[in-house]
Amino acid sequence: MSSNVRNNRPLSPHLQIYKPIPTMVASIVHRITGVALYFGTLLVAWWLIAAAIGPDYFDFVQMVMGSIVGRLVLFGFTWALLHHMIGGIRHLIWDTGAMFDKHTSTKMAKISIVLSVALTILVWVIGYAVR
C-alpha cells in the first residue's frame, strides 16, 4: 500500500512551471537582497576597520570604494538595503492582517520595486549634492 501512495503523489511545482507574478518576484528579490546585505555589512566593517587602522589604509579603502566598480557595488548595496527595508515594511503590514487581497498585494509588490529604485537614486543624488 505504501508504494501505491508514493506513486500517486503530485510533483511539487517549481519556478519553471509557475508564471512569474509581481508578488513572487518581490519575495524572491527580498530574499536575495537579504543575502546581499551580509556582503554589504562586510564592506561597512572593512571601511570602519580601515578608519581605525590609520590614514594610509583608510585612503586605500576609499580608493577602492571610490572606483567605478566600488561605486557600482555601493549603489547595489544601497538599493538592496532600501528594497529590503521596503519589503520588511510590506511584511509588517501583512503581519497586521491587512492588504492580503490579490490586487493590493500585487500593487504593493510593484510599488516596492519602483520605490526602492527611486529612493536609491534619490539617496545617491543627495549624497553627491552634499559632497
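Residues numbered from 1 in each chain as written. Predicted model: local features only at pLDDT ≥ 70, side-chain atom pairs only at ≥ 80, totals over all residues. Heavy atoms only, no water.

Regarding unusual backbone geometry
- Even without being glycine, M99 reaches a positive phi, approximately 60°.
- Along the chain, M99 turns up in the loop between α4 (68-95) and α5 (102-130). (Helix = DSSP H or I, 4+ residues; strand = E, 2+ residues; numbered from the N terminus.)

Topic: the confidence of the model for the chain
- Scored by pLDDT, the chain comes out at a mean of 89, with 88% of its residues at no less than 70.
- Least confident of the elements in the chain is helix α1 (residues 2-7), whose mean pLDDT is 58; most confident is helix α3 (residues 55-66), at 96. (pLDDT = per-residue confidence, 0-100.)

Things to note about helix α2 (residues 22-53)
- Taking 1.5 Å of rise per residue, 32 residues should cover 46 Å, and α2 covers 45 Å from first to last C-alpha, within 8% of that figure.
- Along α2, the residues that are buried comprise T23, M24, A26, V29, H30, T33, G34, L37, G40, L43 and A50.
- Of the residues flanking the end of α2, it is G54, one or two places downstream, whose phi is positive at about 155°. (Expected span 1.5 Å × (residues − 1). Buried < 20%, exposed > 50% of the residue type's maximum accessible area, 1.4 Å probe, protein only.)

Regarding the environment of G76
- Here G76 lies in helix α4.
- Through-space distance from the C-alpha of G76 to that of G40 is 9.0 Å; in sequence the pair is 36 residues apart.

Focus: the packing of aromatic side chains
- The final tally for this structure, using the stated rule, is six aromatic pairs.
- Three or more aromatic residues joined by ring pairs make a cluster, and in this case those are W46, Y57 and F60. (Phe/Tyr/Trp six-rings, centres within 6.5 Å; stacked < 30°, edge-to-face > 60°.)

Structural notes on the packing of α2 against α4
- Direction vectors running N to C along α2 and α4 enclose 130°, while the axes themselves pass 8 Å from each other. Considering the angle they form, α2 stands oblique to α4. The way α2 lies across α4 gives a crossing that is left-handed.
- The residue makeup of the contact of α2 with α4, split by class, is 12 nonpolar, 11 polar and one charged. (Axes fitted to C-alpha atoms, helices over the stretch in contact; angles between N-to-C directions. Parallel < 35°, antiparallel > 145°, perpendicular 65-115°, else oblique. Left-handed = near helix turned anticlockwise from the far one by under 90°. Nonpolar A, V, L, I, M, F, W, Y, C, P; charged D, E, K, R; others polar.)

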